[in-house]
Amino acid sequence: MKTPSIGTLSFGFVGATVVLLLAIGAPNSRVAPPPAAPTAPPPPSVSARGFSLASTSVDLPTDEGQYPAGPHADVINANCTSCHSASMALNQPPLSGDQWTAEVTKMREVYKAPVAAADVPAIVAYLTAMSTKQPGAAKGKAQDPDPKAAPDVSGGSG
Ligand code: HEC
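Parameters at a glance
- Residues numbered from 1 in each chain as written.
- Predicted model: local features only at pLDDT ≥ 70, side-chain atom pairs only at ≥ 80, totals over all residues.
- Heavy atoms only, no water.
- Near = heavy atom within 4 Å.
- Polar contact = N/O pair within 3.5 Å; in protein donor to acceptor, adjacent residues only side chain to side chain.
- Helix = DSSP H or I, 4+ residues; strand = E, 2+ residues; numbered from the N terminus.
- Nonpolar A, V, L, I, M, F, W, Y, C, P; charged D, E, K, R; others polar.
- Buried < 20%, exposed > 50% of the residue type's maximum accessible area, 1.4 Å probe, protein only.
- Donors = N, O, S within 2.8 Å, 3.2 Å for Na, K, Ca; no water.
- Tetrahedral: all angles 85-135°; square planar, octahedral: opposite > 155°, others 65-115°.
- Expected span 1.5 Å × (residues − 1).
- Contact = heavy atoms within 4.5 Å.
- Core = buried A, V, L, I, M, F, W, Y, C linked by side-chain atoms within 4.5 Å.
- pLDDT = per-residue confidence, 0-100.
- Axes fitted to C-alpha atoms, helices over the stretch in contact; angles between N-to-C directions.
- Parallel < 35°, antiparallel > 145°, perpendicular 65-115°, else oblique.
- Left-handed = near helix turned anticlockwise from the far one by under 90°.

Turning our eyes to something else, we now look at the site of the ligand. Lining the immediate environment of the ligand, one finds 17 residues, of which Cys80, Cys83, His84, Lys106 and Met107 sit closest. His84 is positioned with one of its side-chain polar atoms (N or O) 2.8 Å from a nitrogen atom of the ligand. Within the contact set of the ligand, an oxygen atom lies 2.6 Å away from a side-chain nitrogen or oxygen of Lys106. Of all elements in the fold, only helix 3 (87–90) and helix 4 (97–109) reach the threshold of two or more residues within the shell around the ligand. The greatest single-element share of the shell around the ligand, amounting to five residues, is contributed by helix 4. Its residues placed into classes, the shell around the ligand shows eleven nonpolar, four polar and two charged.

Shown next as structure tokens:
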């Protein structure tokens, strides 16, 4: 009788082991996973080897690509969103009609914005209406607060 080679023997051994593991492993693999533990909030700070890492949260100004709906929104979206997002104007403090006219003129003359002269009044009207809707303090998170700009009218005993 021919003696089986080492290769044949080890192949048989590996095969037998695989069959055995499959047989044993199968029932276990059907055990339902334990219910997910509620995730604890991350620790506010972690320290190790003289270093401390603290979590913090920051309020970034939102970046709106398009101007929100309103009268002439289509005109301003067609003319004023090709170079920068709407946030560039939306994050300005409230401006008057004259100031917005100057702003649009600057876009056209300095930055060569391809805005038809006929569209300027509608754009200025949109921006001015937007400024009027802003409360005195504006959406001003991005601007530095100027206490003089918002006088205290709360009527406290002062
Ligand atoms: C040709 C490109 C271009 C177009 C189109 C354009 N802008 Fe600008 N805009 C610029 C550039 C460049 C800046 C300066 C960006 C900077 O300072 O980082 C800017 C800045 C601004 C600012 C910030 C204040 C300032 O003066 O820097 C506002 C507000 C603004 N644009 C509004 C508008 C409005 C409204 C329109 C549509 C009439 C418009 N932009 C169209 C290029 C453009």
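The next subject is unusual backbone geometry. The backbone of His72 sits at a positive phi, close to 70°, despite the residue not being glycine. Turning to its location among the elements, His72 is positioned in the loop between strand 2 (51–54) and helix 2 (73–79). With relative accessibility at 35%, the residue His72 sits in the partly exposed group.

Protein ligation of the iron atom of the ligand involves His84 (NE2) and Met107 (SD), the donor distances falling in the range 2.0 to 2.2 Å. Bound by six donor atoms, the iron atom of the ligand shows angles of 88 to 180° at the metal and therefore octahedral coordination geometry. Of this pair, His84 sits in the loop between helix 2 and helix 3 while Met107 is found in helix 4, placing the two residues 23 residues apart along the sequence. Owing to a relative accessible area of 24%, His84 belongs among the partly exposed residues under this scheme.

Before going further, it helps to spend a moment on helix 5 (residues 120–133). Taking 1.5 Å per residue as the helical rise, helix 5 with its 14 residues ought to reach 20 Å, and the 20 Å between its terminal C-alpha atoms agrees with that figure. Among all positions of helix 5, only Val120, Ala122, Ile123, Val124, Tyr126, Leu127, Met130 and Ser131 are buried. Contacts made by the buried residues of helix 5 are with helix 2, helix 3 and helix 4.

A few words on the nonpolar core. One finds Tyr67, Ile76, Trp100, Ile123, Tyr126 and Leu127 to be the most contacted residues of the largest nonpolar core, which totals 20 residues. Every element with two or more residues in this core is listed here: helix 2, helix 3, helix 4 and helix 5. Counting residues per element, this core draws most heavily on helix 5, which supplies seven residues. In this structure Ile123 touches Val75, Ile76, Asn79, Cys80, Val104 and Val115, once residues within four positions along its chain are discounted.

Residues with a pLDDT of 70 or more make up 72% of the protein chain, whose mean pLDDT is 80. Note on residues 137–145: pLDDT is under 50 here. Beyond four places in sequence and across chains, it has ten contacts.

Time to look at the side chain of Ser131. For Ser131, the location among the structural elements is in helix 5. Those residues in contact with Ser131 that lie beyond four places of it in its chain are Pro93, Pro94, Leu95 and Trp100.

What follows is about the packing of helix 4 against helix 5. The contact between helix 4 and helix 5 brings their axes to 9 Å, and the two run at 130°. Comparing the axis directions of helix 4 and helix 5 gives the class oblique. Relative to helix 5, the crossing made by helix 4 is right-handed. Along its contact with helix 4, which presents Gly97, Trp100, Thr101, Val104 and Arg108, the element helix 5 presents Val120, Ile123, Val124, Leu127, Thr128, Met130 and Ser131. Looking at the contact of helix 4 with helix 5 residue by residue, the class counts come to seven nonpolar, four polar and one charged.

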